Amino acid sequence: MTAGATTRATAGRTAGTAHRRHVGSTEIVYLALAGILVVAGVLVAVRGGNLFAQGNVSYMLTQTSLLGFVAVGQTLVILCRSLDLSVGYVVALCSLIGATTMAGDPARVWLGVVAALAVAAGVGLVNGLVISGLNVNPFIATLGTGLIVKGFLDTRFKGPEGEVPFAFQTFGYTRLGPVPVSTIVMLLVAAAAFVLLTRTRAGYHMFAVGGNLDVARLSGVRTSRTLVLAHVLCSLCAGIAGLLIAARFGTGNALVYSYGLDLDSIAAVVLGGTLLFGGRGSVVGTVGGVAILAVLDTAFNVLDVNPFFKDVLRGVIIIAAVALYARRQIDPASRRVRFGAKASAARGGDVA
């Protein structure tokens, strides 16, 4: 075969591959979000309401900000083929640490924020070290850590405690038009996580560890350090959510752990297209998954849907989304190419 023919054949294969490119998971998430907005808007309008009234939009965005902080952090650990079931307890603990440290004094706001985030980082560090150092399953390790925190909360705090100064309560209530400041902060945190995953070596390492732990180790990735970093960042995001809770309530509350933020955050991450087996996904998709859950909750509340039926519908949507991703293997290019090349080189070396 001549060089020209080879070039044309290669170009043809490339064009055919581009033509057959599957729709990415992120695109599907936002198409689904648009469809759900349209359907929910029509259903609410038929009942004589307006889903897009300022109050409903503000509620939607408020729900997005709280769950969004936790889900962004959860994305990082799931990408590493890990999991964090302690986030709900960390949220409750940090709301109390922040509120009791501030003690109603505006001059102590910075101290309360630092204390809450330091405690959150400590919990994440313990999770990461137990999982990477002792080889404990992430489900068991983070559940155990969460139960330890729960025991401390139930023993030490009998109800709401502490006082958040009005200056910090603005974090929970201030809006720019219909958009809460907390939502803007959440989007900034999501943007920082996006940059981390797509523009830094640590982000590439997270994809590598989730894609194939052994290949990542052979490629020179410090897998234990990557897992610890992911868990510390996840707990820090939960700590920010705890500070948001404290700002909204004006006090810390131990019962926040009953909100189900741990499972909801995992559902949002999976709904956003991130694989539970790690190595594939994006923070952008997670934000879309969080938005879908927020829209559904708002529409269900406006329509006064039975709570049991609400949970059934949410479960059906999540299962359908996961089944779709598993069936189509959407967005195969989301794995990091450079680590795919290293994996091929490692296999070639083994064969040689």
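It should be noted that the structure appears before, not after, this text.
Residues numbered from 1 in each chain as written. Predicted model: local features only at pLDDT ≥ 70, side-chain atom pairs only at ≥ 80, totals over all residues. Heavy atoms only, no water.

Q: Please clarify how the overall build of the chain should be interpreted in this entry.
A: Assigned secondary structure in the chain consists of 15 helices and two strands. Sorting the 352 residues of the chain into buried and exposed places 48% on the buried side. Intrachain contacts of the chain at a sequence separation of at least 6 include 78% that bridge at least 24 residues. Of the accessible surface of the chain, which amounts to about 16,600 Å², a share of 67% is contributed by carbon and sulfur atoms. (Helix = DSSP H or I, 4+ residues; strand = E, 2+ residues; numbered from the N terminus. Buried < 20%, exposed > 50% of the residue type's maximum accessible area, 1.4 Å probe, protein only. Contact = heavy atoms within 4.5 Å. Areas by Shrake-Rupley, 256 points an atom, 1.4 Å probe, with all protein chains shown as cover.)

Q: I would appreciate a short explanation of the environment of serine 182 in the present structure.
A: With respect to the helices, strands and loops of the structure, serine 182 is situated in helix H8 (residues 181-199). Placed 12 residues apart in sequence, serine 182 and threonine 170 show a C-alpha to C-alpha distance of 9.2 Å. When neighbours within four sequence positions are excluded, serine 182 is seen to be in contact with Ser65, Phe69, Phe171, Leu244 and Arg248.

Q: Help me out: how do you make sense of the nonpolar core in this one?
A: One finds Val91, Leu153 and Phe168 to be the most contacted residues of the largest nonpolar core, which totals 86 residues. In contact with valine 91, other than residues within four places in its own chain, are Val70, Ala238, Ala241, Gly242, Ile245, Val256 and Leu261. (Core = buried A, V, L, I, M, F, W, Y, C linked by side-chain atoms within 4.5 Å.)

Q: Explanation requested: helix H12 (residues 261-271) in the structure shown.
A: Since the α-helix packs 3.6 residues into each turn, any two residues three or four apart lie on the same face. Of all 11 residues making up H12, nine are buried, and the element is well covered by its neighbours. Three or more residues of H12 are buried, namely Leu261, Asp262, Ser265, Ile266, Ala267, Ala268, Val269, Val270 and Leu271. Positive phi appears at glycine 273, one or two residues downstream of H12, with a value of about 100°.

Q: Even after reading the chapter, I still don't get the packing of helix H4 (residues 87-102) against helix H6 (residues 138-156), so can you show me in this structure?
A: Each pair of packed helices gets described by two things: the angle between the helix axes and the distance between those axes. Two numbers describe how H4 lies on H6: the axes approach to 9 Å, and their chain directions differ by 35°. Crossing angle aside, the handedness with which H4 passes H6 is left-handed. Here Tyr89, Ala92, Leu93 and Leu96 of H4 come into contact with H6, specifically with Gly146, Leu147, Val149, Lys150, Phe152 and Leu153. Of the residues that constitute the contact of H4 with H6, the class distribution is eight nonpolar, one polar and one charged. (Axes fitted to C-alpha atoms, helices over the stretch in contact; angles between N-to-C directions. Left-handed = near helix turned anticlockwise from the far one by under 90°. Nonpolar A, V, L, I, M, F, W, Y, C, P; charged D, E, K, R; others polar.)

Q: Can you help me understand the pattern of salt bridges in this one?
A: Opposite charge on two side chains lets them pair, provided their charged atoms get close. Tallied over the entire structure, the rule returns three salt bridges. With its nearest N and O atoms 3.8 Å apart, the salt bridge here joins glutamate 161 to arginine 156. The exposure class of glutamate 161 is partly exposed, given its relative accessible area of 26%. Arginine 217 is paired through a salt bridge with aspartate 214; the nearest N and O atoms lie 3.2 Å apart. With arginine 217 and aspartate 214 both in helix H10 (residues 213-218) and three residues apart, this pair spans about one turn of that helix. (Salt bridge = Lys/Arg side-chain N within 4 Å of Asp/Glu carboxyl O.)

Q: Looking at this structure, I do not really get the packing of H8 against helix H13 (residues 283-303). What am I missing?
A: At a minimum axis distance of 9 Å, the contact between H8 and H13 shows a crossing angle of 150°. Judged by the angle between their axes, H8 and H13 are roughly antiparallel. Note on element contacts: H13 touches H8 through Val283, Val284 and Val287, opposite Leu187, Ala190, Ala193, Phe194 and Leu197. Taken together, the residues of the contact of H8 with H13 break down into eight nonpolar, no polar and no charged. (Parallel < 35°, antiparallel > 145°, perpendicular 65-115°, else oblique.)

Q: Which parts of the structure should I look at to understand helix H3 (residues 54-79)?
A: Given a rise of 1.5 Å per residue, 26 residues ought to cover 38 Å, and the 35 Å separating the end C-alpha atoms of H3 matches this to within 8%. Taken across its 26 residues, H3 has 20 buried, putting it largely inside the fold. At the exit of H3 stands arginine 81, carrying a positive phi of roughly 60°. (Expected span 1.5 Å × (residues − 1).)

Q: Can you walk me through the environment of isoleucine 292 in this structure?
A: Looking at the secondary structure, you find isoleucine 292 in helix H13. Judged by its relative accessible area of 3%, isoleucine 292 falls in the buried class. In this structure, the C-alpha to C-alpha distance between isoleucine 292 and isoleucine 36, residues 256 residues apart in sequence, is 7.5 Å.

Q: Sorry if this is basic, but what is going on with the side chain of arginine 248 here?
A: By the secondary structure assignment, arginine 248 is in helix H11 (residues 223-249). For the buried residue arginine 248, which engages in no salt bridge, the nearest side chain bearing the opposite charge is aspartate 297, 11 Å off. Ignoring sequence-local partners within four residues, the contact set of arginine 248 consists of Thr62, Ser65, Leu66, Gly172, Tyr173 and Ser182. (Lys, Arg positive; Asp, Glu negative; His and termini not counted.)

Q: For this particular structure, what's the right way to read a nonpolar patch on the surface?
A: A contiguous nonpolar surface patch, about 290 Å² in accessible area, is contributed by Tyr30, Phe194, Val195 and Val284. Within the secondary structure layout, valine 195 lies in helix H8. (Patch = residues over 30% accessible without salt bridge, like charges linked within 9 Å, V, L, I, M, F, W, Y side chains within 5 Å.)

Q: Would you explain the packing of aromatic side chains in this entry?
A: Where two aromatic rings form a pair, the distance of their centres and the angle of their planes describe that pair. Here the structure, examined in full by the defined rule, presents three aromatic pairs. Between tyrosine 89 and tyrosine 257, the aromatic rings sit 5.3 Å apart at their centres with planes inclined by 40°, giving tilted as the arrangement. One end of the pair, tyrosine 89, is in helix H4; the other, tyrosine 257, is in the loop between H11 and H12, with 168 residues separating them in the sequence. Given the relative accessible area of 12%, tyrosine 89 is considered buried. Each ring, one from phenylalanine 152 and one from phenylalanine 157, has its centre 6.0 Å from the other, and the planes form 85°; the classification is edge-to-face. (Phe/Tyr/Trp six-rings, centres within 6.5 Å; stacked < 30°, edge-to-face > 60°.)

Q: How should I be thinking about the environment of aspartate 84 in this particular structure?
A: Structurally, the position occupied by aspartate 84 is in the loop between H3 and H4. Taking C-alpha positions, aspartate 84 is 8.4 Å from alanine 141, a pair spaced 57 residues apart along the chain. Not counting residues up to four positions away in its chain, the partners in contact with aspartate 84 are Gln74, Val77, Asn127, Thr142, His231, Cys234 and Ser235. A distance of 2.5 Å separates polar atoms of two side chains, one belonging to aspartate 84 and the other to serine 86. (Polar contact = N/O pair within 3.5 Å; in protein donor to acceptor, adjacent residues only side chain to side chain.)

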